[in-house]
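Coordinates in review
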Amino acid sequence: MTNNIMPAVQTPSPKQIKGEQPVTPLCKASSPTQRCRLAPTNTSPPRPAPVTPERNTQTSMLLLLCCLGLALGAVSPSADHEVKLERGSCPMFWYSFNGRCYKYIATRVSWADAELYCVSQRANLVSFHSADECSFVKSLIKNFDPAEGHTWIGLSDTQKEGAWMWSEGSEVNFGLWNPDEPNNTGGAEHCVHTNYDADSRWNDCLCHVTLPFVCVSRTVCP
């Protein structure tokens, strides 16, 4: 009998396997009983990039621009007041001065409609009896309208030409007319607004013109 000896099967090396790359062991055991240890895996979080002076400067500039944008975007009353506004015992949106309450209304209406609104609030269009009161009302207007636009007050001569009267019936004992006013241009200017021209004084005007206005309580806060 002939013994058929099967040739030993050779295990192909990594290089002989098409498409496979040779595997490099992580370590080499020095003895049969020594086992190779796997290389430790670094699981710690990546370290942040070092902060350079240039990066600090850029961060500071971004924070400064952000704060500046917030300051410019904020809506707040003007800080330049000649007289400090205080609510005192007045209702919301009314401000106290010498025992009376004042309210600025930004809605533009005719003089008559402005007076009717004030009456509905148990008040009248504002009257003036001193320079201090004028300064207060000027500050009140500027608080809501930094441009200090024309604003109705309670003075008119609608009942008789040249006979100026406050709508709340008090005596006209103080005046702050602009130079050459009142002039009754066209014979039809019978209502008065403040903040006229550079000196922000009084001017007679057509009563149907629409302007913001200021109300004042009669004797007590509404």
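These numbers come from a predicted model, not from an experiment.

What counts, and where the lines are drawn
- Residues numbered from 1 in each chain as written.
- Predicted model: local features only at pLDDT ≥ 70, side-chain atom pairs only at ≥ 80, totals over all residues.
- Heavy atoms only, no water.
- Helix = DSSP H or I, 4+ residues; strand = E, 2+ residues; numbered from the N terminus.
- Expected span 1.5 Å × (residues − 1).
- Buried < 20%, exposed > 50% of the residue type's maximum accessible area, 1.4 Å probe, protein only.
- Contact = heavy atoms within 4.5 Å.
- Polar contact = N/O pair within 3.5 Å; in protein donor to acceptor, adjacent residues only side chain to side chain.
- Core = buried A, V, L, I, M, F, W, Y, C linked by side-chain atoms within 4.5 Å.
- Lys, Arg positive; Asp, Glu negative; His and termini not counted.
- Salt bridge = Lys/Arg side-chain N within 4 Å of Asp/Glu carboxyl O.

Moving on: helix H3 (residues 131-144). Between its first and last C-alpha atoms H3 spans 21 Å; for 14 residues at 1.5 Å apiece the expected length is 20 Å, and the two agree. Looking only at H3, the buried set comprises Glu133, Cys134, Phe136, Val137, Ser139, Leu140, Ile141, Lys142 and Asn143. Buried positions along H3 lie against strand E1 (95-97), strand E2 (100-109), strand E4 (151-156), strand E6 (191-196), strand E7 (201-205) and strand E8 (211-217).

To continue, consider the environment of asparagine 184. With respect to the helices and strands, the residue asparagine 184 is situated in the loop between strand E5 (165-166) and E6. Considering only alpha carbons, one finds asparagine 184 and leucine 206, 22 residues apart in sequence, at a separation of 8.9 Å. With residues up to four places along the chain from it excluded, the contact list for asparagine 184 reads Glu161, Glu189, His190 and Asp204. At 2.9 Å, the side chain of asparagine 184 forms a polar contact with the backbone nitrogen of glutamate 189.

The next subject is the nonpolar core. Tyr102, Val126, Phe128, Val137, Ile153 and Trp202 are the most contacted members of the largest nonpolar core, which totals 21 residues. Of all the secondary-structure elements, those providing two or more residues to this core are E1, E2, H3, E4 and E8. Here this core gets 5 residues from one element, more than from any other, and that element is H3. Filtering out sequence-adjacent residues up to four positions away, valine 126 remains in contact with Tyr102, Val137, Trp152, Ile153, Gly154, Trp166, Val214, Cys215 and Val216.

Moving on, we come to the side chain of aspartate 204. Along the polypeptide, aspartate 204 turns up in strand E7. One buried charge, aspartate 204, has no salt-bridge partner; the nearest side chain with opposite charge is arginine 201, at 14 Å. Looking at aspartate 204, its side chain comes within polar contact range of the main-chain nitrogen of asparagine 183, at 3.2 Å. Engagement of the side chain of aspartate 204 in a polar contact is seen with the backbone nitrogen of asparagine 184, the distance being 2.7 Å. Those residues within four positions of aspartate 204 in sequence are excluded, and the remaining contacts are Trp164, Trp177, Glu181, Pro182, Asn183, Asn184, Glu189, Cys191 and Val192.

The next subject is the pattern of salt bridges. Considering all chains together, one arrives at 3 salt bridges under this definition. Two residues, glutamate 168 and arginine 100, come together in a salt bridge whose shortest N-O distance is 3.4 Å. Of this pair, glutamate 168 sits in the loop between E5 and E6 while arginine 100 is found in strand E2, placing the two residues 68 residues apart along the sequence. For arginine 100, a relative accessible area of 12% corresponds to the buried category. Each member of the salt-bridge network shares a partner with another, and the members are Arg100, Glu133 and Glu168.

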